[in-house]
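Read off the chains here:
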Protein chains: 2
Amino acid sequence: MTARSFTFAAGESGSWRIVKMRTIVGPPLAEAPRLNVTDGVVASAGGRVAWALQGVTSNERYVTRSERSRLVAKQEAPGRSDATRAALIPIRKNATWWDLPQDQRRRIFETQSRHIGIGLEYLPAVARRLHHCRDLASHEPFDFLTWFEFAPSDEGLFNDLVERLRATEEWKYVDREVDIRLSRDRN
Amino acid sequence: MTARSFTFAAGESGSWRIVKMRTIVGPPLAEAPRLNVTDGVVASAGGRVAWALQGVTSNERYVTRSERSRLVAKQEAPGRSDATRAALIPIRKNATWWDLPQDQRRRIFETQSRHIGIGLEYLPAVARRLHHCRDLASHEPFDFLTWFEFAPSDEGLFNDLVERLRATEEWKYVDREVDIRLSRDRN
């Protein structure tokens, strides 16, 4: 349960090919051909890097015990050999969101927006790992980096998932979002 | 509401004199005569530093709207000229705590331990600023650094506050805690 750092560096190298980058809201990220996902913090990724985002896995912030049980029963970890498609979706939420007390954020997150409930419908097809960046000392440009992996045949399913989430009450607080789609060769 | 970094460096310099350091549980911190509290992250504090702890202020994790209203109505910020006594209390919670879902952590935190309710009784005498360190990429030795300031005449009150919190259910999850008492000249 200790925080684990990950760095996502876009540039000339990396095992994931960047297929498409779409800016949903806020400023875009620079285009690049490949993405390198590294376990740990990369001090300096060198001159050929277009951008590097870092985040840490952490404890859950909204999930209850019963929701946790349902998630754990269905979810799978990233790294499956047939999951040759991925999405990196960096998100920032506005100051209004962060200034809300915990009970109101929870209410918007699940009671109104069904974030967990919607996500559950797409398990185990879509594997997911959430990285927090807001509390890093380095003042990152996003609050969260979510990494998703799925098989090519589940891409439509994944598109449906993100469209449903973007239509929720919770997403009204998102003021920066980039949707980065990736592909790799089968292991 | 953006995260703000603070560094607490113990050594030969700093406006706060370390009066007493008491290890409550877990490994101690090295003794030093003074504490330097810096806004920001100090890359390297130099050879005369016994230890340096860093943390960031962040959004609240457990407080509800009604609790927030009561806190805001009563609390005062650090920096009052008559608050010449302070305490820095770094805390780490064990893996069992962090693995609990949000609803159970909230229940232990407030329903069973009355962390917010107890704290409210000591406002505005005791000013408080909480720093999170668990999600920093740098793998800090503690999860939280809490900074308290009060007038010399309120030291007994403050001792009462920390003793009551240490007797709670929540504190059974604390596996490292050092209580550092400080003093400075009046502004």
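This one's a predicted model, so the numbers in the text were calculated from it and none came from an experiment.

S.K.: In this structure, what is going on with the overall build of chain A? I would like to understand it.
M.R.: A count of helical and extended segments in chain A gives five helices and eight strands. Counted from the first residue to the last, chain A has its helices and strands arranged as β-β-β-β-α-β-α-α-α-β-β-α-β. For 187 residues, the compact-globule estimate of 2.2 N^0.38 gives 16 Å, and chain A sits close to it at 16 Å. Projected onto its principal axes, the C-alpha coordinates of chain A cover approximately 45 × 35 × 30 Å. Relative to its 187 residues, chain A shows a buried fraction of 53%.

S.K.: Help me understand the packing of aromatic side chains, please; the structure alone is not making it clear to me.
M.R.: Counted by the stated rule, this structure contains 16 aromatic pairs over all chains. Aromatic side chains A:F8 and A:W147 sit 5.7 Å apart centroid to centroid with 35° between the ring planes, which places their arrangement in the tilted category. Separated by 139 residues along the polypeptide, A:F8 in strand β1 (residues 4-11) and A:W147 in strand β7 (residues 144-150) bring together distant segments of the chain. Like A:W147, A:F8 is buried. Taking 6.4 Å as the distance between ring centres and 70° as the angle between the ring planes, the aromatic pair formed by B:Y62 and B:W97 counts as edge-to-face. Residue B:Y62 is located in the loop between β4 (49-57) and α1 (65-74), and its partner B:W97 is located in helix α2 (residues 95-99); the two are separated by 35 residues in the primary sequence. Of the residues examined, B:Y62 reaches a relative accessible area of 10% and is grouped as buried. The ring of A:W98 is capped by A:R134, whose NZ or CZ atom sits 4.1 Å from the centre of that ring.

S.K.: Quick question: what am I supposed to make of unusual backbone geometry here?
M.R.: Residues and elements named next belong to chain A. Here L123 and P124 are connected by a cis peptide whose omega angle stands at 0°. Examined against the element boundaries, P124 turns out to sit in the loop between α4 (115-121) and β6 (127-132). Notably, H139 is not glycine yet its phi reads approximately 50°, a positive angle. Here H139 lies in the loop between β6 and β7. Residue H139 is classed as exposed on the basis of its relative accessible area of 51%.

S.K.: Would you take a moment to explain the interface of chain B and chain A for this structure?
M.R.: When the parts of a complex come together, some accessible area is lost, and that lost area is often used as the size of the interface. Taken together, the 29 residues of chain B in the interface contact 29 residues of chain A. When chain B packs against chain A, close to 2700 Å² is buried across both sides, 46% of that on carbon and sulfur atoms. At the surface where chain B touches chain A, the tally comes to four salt bridges. For A:D135, the salt bridge identified is with B:R61, shortest N-O distance 2.5 Å. Applying the counting rule to chain B against chain A returns 16 residue pairs in polar contact (both at pLDDT 80 or more). Looking at the side of chain B that touches chain A, the elements with two or more residues in it are β4, α1, α2 and α3 (102-112) of chain B. With four residues, α3(B) is the largest single contributor of residues to the side of chain B that touches chain A. Grouping the amino acids of the side of chain B that touches chain A by side-chain chemistry returns 11 nonpolar, nine polar and nine charged.

S.K.: What exactly am I supposed to notice about the relation of the copies chain B and chain A here?
M.R.: The two chain copies are related to each other by a rotation about an axis together with a translation along it. If you rotate chain B by 180° and push it 0.0 Å along the axis, it lands on chain A with an RMSD of 0.0 Å. Both chain copies can therefore be described as sitting about a two-fold axis. Across chain B, the rotation axis passes nearest the C-alpha of B:L136, at a separation of 2.4 Å. Taken as a fraction of all interface residues of chain B, those also at the interface in chain A reach 100%, which identifies the copy contact as same-surface.

S.K.: Would you explain the environment of A:R17 in this entry?
M.R.: Residue and element names in this part refer to chain A. With respect to the element layout, R17 can be found in strand β2 (residues 16-25). The spatial distance from the C-alpha of R17 to the C-alpha of R34 is 4.5 Å, given a sequence separation of 17 residues. Not counting residues within four places of it along the chain, the set of residues in contact with R17 comprises P33, R34, R181, L182 and S183.

S.K.: Help me understand the pattern of salt bridges in this model?
M.R.: Once the charged atoms of two side chains with opposite charge are near each other, the side chains can pair. Here the structure, examined in full by the defined rule, presents 35 salt bridges over all chains. With a shortest N-O distance of 3.9 Å, B:R68 and A:D99 are connected by a salt bridge. Note that B:R68 is positioned in helix α1 and A:D99 in helix α2 (residues 95-99), a pairing that runs across two chains. The shortest N-O distance in the salt bridge between B:E163 and B:R22 comes to 3.5 Å. A residue pair is termed long-range when its members are at least 10 positions apart, and B:E163 in helix α5 (residues 155-166) and B:R22 in strand β2 (residues 16-25) qualify at 141 residues. You can call B:R22 partly exposed: its relative accessible area is 38%. The network of salt bridges with shared partners includes A:R22, A:E155, A:E163, A:R166, A:E177, A:D179 and A:R181.

S.K.: Can you walk me through the confidence of the model for chain A in this structure?
M.R.: Atom-level detail of predicted coordinates should not be read off regions where pLDDT is low. Put simply, chain A has an average pLDDT of 93, and 95% of its residues get 70 or more. The ipTM assigned to the predicted complex is 0.81, against a pTM of 0.88.

S.K.: Could you clarify how one ought to interpret helix α1 (residues 65-74) of chain A in this entry?
M.R.: Considered for burial, the residues of α1(A) that qualify are A:E67, A:R68 and A:L71. Projection of α1(A) onto a plane perpendicular to its axis shows the buried side chains occupying an angular sector of 100°, all on one side. On the buried face of α1(A), the contacting elements are α3 (102-112) and α4 of chain A together with α2 of chain B.

About the criteria used
Residues numbered from 1 in each chain as written. Chains lettered and ligands numbered in written order. Predicted model: local features only at pLDDT ≥ 70, side-chain atom pairs only at ≥ 80, totals over all residues. Heavy atoms only, no water. Helix = DSSP H or I, 4+ residues; strand = E, 2+ residues; numbered from the N terminus. Rg over C-alpha atoms; globule rule 2.2 N^0.38 Å. Buried < 20%, exposed > 50% of the residue type's maximum accessible area, 1.4 Å probe, protein only. Phe/Tyr/Trp six-rings, centres within 6.5 Å; stacked < 30°, edge-to-face > 60°. Lys NZ or Arg CZ within 6 Å of the ring centre and 35° of its normal. Contact = heavy atoms within 4.5 Å. Buried area = accessible area lost by both parts, 1.4 Å probe. Salt bridge = Lys/Arg side-chain N within 4 Å of Asp/Glu carboxyl O. Polar contact = N/O pair within 3.5 Å; in protein donor to acceptor, adjacent residues only side chain to side chain. Nonpolar A, V, L, I, M, F, W, Y, C, P; charged D, E, K, R; others polar. Least-squares fit on C-alpha atoms with pLDDT ≥ 70 in both. pLDDT = per-residue confidence, 0-100. Arc of directions from axis to C-beta.

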